[in-house]
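# Coordinate inspection notes
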Amino acid sequence: MKINNVELDFNLYDADNVGLRKRYFEKLDEMKTVVEDIPDGTETEKHRYLCGRVKTIFDAVFGEGTGVKVCGAKDDLLVCMKAYDELVSEQTRQDNEYLKIMQSIAKKGKASSGNRNKNRRNAR
């Protein structure tokens, strides 16, 4: 996937990406409390804090320096939040695709099983 023209290997269902998947979900879990964790201070300080959290996710998941590559050296909160949103949206897209495929396989398995039983009964 690409975020802000930075190519990222973010295939959560690739067996070779187990570490990436684990790091991503650990960091995603940490973001649940980001609003409560914002320190008191000026708007600028709050923006810097939030941008730092987002950049930390990219660094932890994809390697040191990725946060700055994706979000830029400045602390532009809109750029950082948009990058984070794109990352989470891609995870959601992959999860939905996986579920759709698994449901299709299950449905085809049931239909196939029903046809086999029907054919067995007709063969008798």
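Now for a description of the structure that goes with this document. (Residues numbered from 1 in each chain as written. Predicted model: local features only at pLDDT ≥ 70, side-chain atom pairs only at ≥ 80, totals over all residues. Heavy atoms only, no water.)

With that settled, consider the overall build of the protein chain. In terms of helices and strands, the protein chain carries five helices and two strands. Starting at the N terminus and ending at the C terminus, the protein chain contains elements arranged as β-β-α-α-α-α-α. Here the protein chain has a C-alpha radius of gyration of 21 Å; the compact-globule value for 124 residues is 14 Å, and the former is much larger. Dimensions of the protein chain along its principal axes, counting C-alpha atoms only, are 80 × 30 × 20 Å. For the protein chain, buried positions account for 27% of its 124 residues. Within the protein chain, counting contacts between residues at least 6 apart in sequence, those at least 24 apart form 59% of the total. Surface summary for the protein chain: the accessible area is close to 8,600 Å², and the carbon and sulfur share equals 52%. Each charge sign in the protein chain was given a centre, from 23 positive and 21 negative side chains, and these centres are 15 Å apart. (Helix = DSSP H or I, 4+ residues; strand = E, 2+ residues; numbered from the N terminus. Rg over C-alpha atoms; globule rule 2.2 N^0.38 Å. Buried < 20%, exposed > 50% of the residue type's maximum accessible area, 1.4 Å probe, protein only. Contact = heavy atoms within 4.5 Å. Areas by Shrake-Rupley, 256 points an atom, 1.4 Å probe, with all protein chains shown as cover. Lys, Arg positive; Asp, Glu negative; His and termini not counted. Charge placed at Lys NZ, Arg CZ, Asp CG, Glu CD.)

Another aspect to go through is the packing of helix α1 (residues 18-30) against helix α3 (residues 43-62). Helices that pack against each other are described as a pair by the angle of their axes relative to one another and the distance between those axes. It is at 8 Å that the axes of α1 and α3 come closest, and there the two elements cross at 165 degrees. By the angle between their axes, α1 is roughly antiparallel relative to α3. Note on packing geometry: the crossing formed by α1 with α3 is right-handed. Mapping the contact onto sequence places L20, R23, Y24, K27 and E30 in α1 and R53, T56, I57, A60, V61 and F62 in α3. (Axes fitted to C-alpha atoms, helices over the stretch in contact; angles between N-to-C directions. Parallel < 35°, antiparallel > 145°, perpendicular 65-115°, else oblique. Left-handed = near helix turned anticlockwise from the far one by under 90°.)

Here D76 is to be found in the loop between α4 (66-71) and α5 (77-123). A distance of 3.1 Å separates a polar atom in the side chain of D76 from the backbone nitrogen of L78. (Polar contact = N/O pair within 3.5 Å; in protein donor to acceptor, adjacent residues only side chain to side chain.)

A separate point is the side chain of E90. Tracing the backbone through its elements, the reader meets E90 in helix α5. With relative accessibility at 15%, the residue E90 sits in the buried group. A distance of 2.7 Å separates polar atoms of two side chains, one belonging to E90 and the other to R93.

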